[in-house]
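Take a look at the letters that make up each chain.
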Amino acid sequence: MSEGPFFPPLMEGLYAVAGDPMQVACDKARDGVDAGLLVWVVSPETLSAALVLAPDEPLGTAMAALPACAVGLQNALGALAPPETAVHLGWAGEVRLNGAVAGRMQVASDQTDPDAQPNWLVVGFDLALAPAPEAETEPGQAPERTSLAAEGCAEIDPVHLLEAWSRHTLIWLNALEEDGGRARLHGEWTGLAWGIGKEVIAPEVGTFLGIDEHFGLLLKSGDQTRLIPLTAHLSEA
């Protein structure tokens, strides 16, 4: 593994000795840490990270940070993985390599009301670097699950990937503050989305029609189409 990691200005790294970057980041945010804290941990099997943000807008629109961070991860993987590796994003938070789930995005906040301005927002991810020792090793045992190593990406240094995520994510977070930036993110995410036009089972069973301007899920069940907002992803902090 390389030295580092080295993050962009205004981001500060913290190694999660306790092993759960999402929980550590939420605890730090609750204690009033400045935005830009990036908590991370790496093991032989998993890379996990979480970024503390301090939105200056209502939660409903601040949640756009989730797809921004997800696209940042896709861009980082796309830059470092072999060119034949397909990286897609699921609305329910999945990060897919060549169609199988290799990771998941997470988000938490001190607010759940879409109209309230949160004091903090934490967006993170878990990404499988290699199969866990106890996992089945026979091909085809778990076709919906994979890892970087299983998809020919074992040479990716997780620290380099973490650094790349921080850089690409910062670009997309900054884009949210620019005119037309949300539209660009909307288009980028849609182009990377897994399963548009197909049946999905998460967060509910239905046909994935796409996303609205606030990245909410348009889900058709029978003759009805529902909008499920991004706040449905909020986990308990």
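One can find the structure itself at the top, above this paragraph.
Residues numbered from 1 in each chain as written. Predicted model: local features only at pLDDT ≥ 70, side-chain atom pairs only at ≥ 80, totals over all residues. Heavy atoms only, no water.

S.K.: Can you walk me through the sheet that holds strand β7 (residues 121–128) in this structure?
M.R.: The strands making up a sheet associate through hydrogen bonds between their backbones, and the pairing can be parallel or antiparallel. Spatial ordering of the open sheet is given by β1-β2-β3-β7-β6-β5-β4, a layout of 7 strands whose pairing is mixed. What marks the edges here is a single partner per strand, and that holds for β1 (12–15) and β4 (87–89). Put simply, the sheet's adjacent strands are angled 20° from each other on average, direction ignored. In the sheet, β1 pairs with strand β2 (residues 37–42) via 4 bridges, with the strands oriented parallel. Of the residues in β2, the one forming a bridge with glutamate 12 is leucine 37. (Pairing = 2+ DSSP bridges. Helix = DSSP H or I, 4+ residues; strand = E, 2+ residues; numbered from the N terminus. Axes fitted to C-alpha atoms, helices over the stretch in contact; angles between N-to-C directions.)

S.K.: Looking at this model, I keep getting lost on the pairing of strand β11 (residues 224–228). Mind explaining?
M.R.: Two faces belong to every sheet, and in a regular strand the side chains alternate between them. Both strand β10 (residues 217–221) and β11 contribute to a ladder of 5 bridges, which runs antiparallel. What sits directly across from leucine 217, in β11, is isoleucine 228. Linking two consecutive strands that pair antiparallel, namely β10 and β11, is a turn of 2 residues; a positive phi of about 65° is found at glycine 222 within it.

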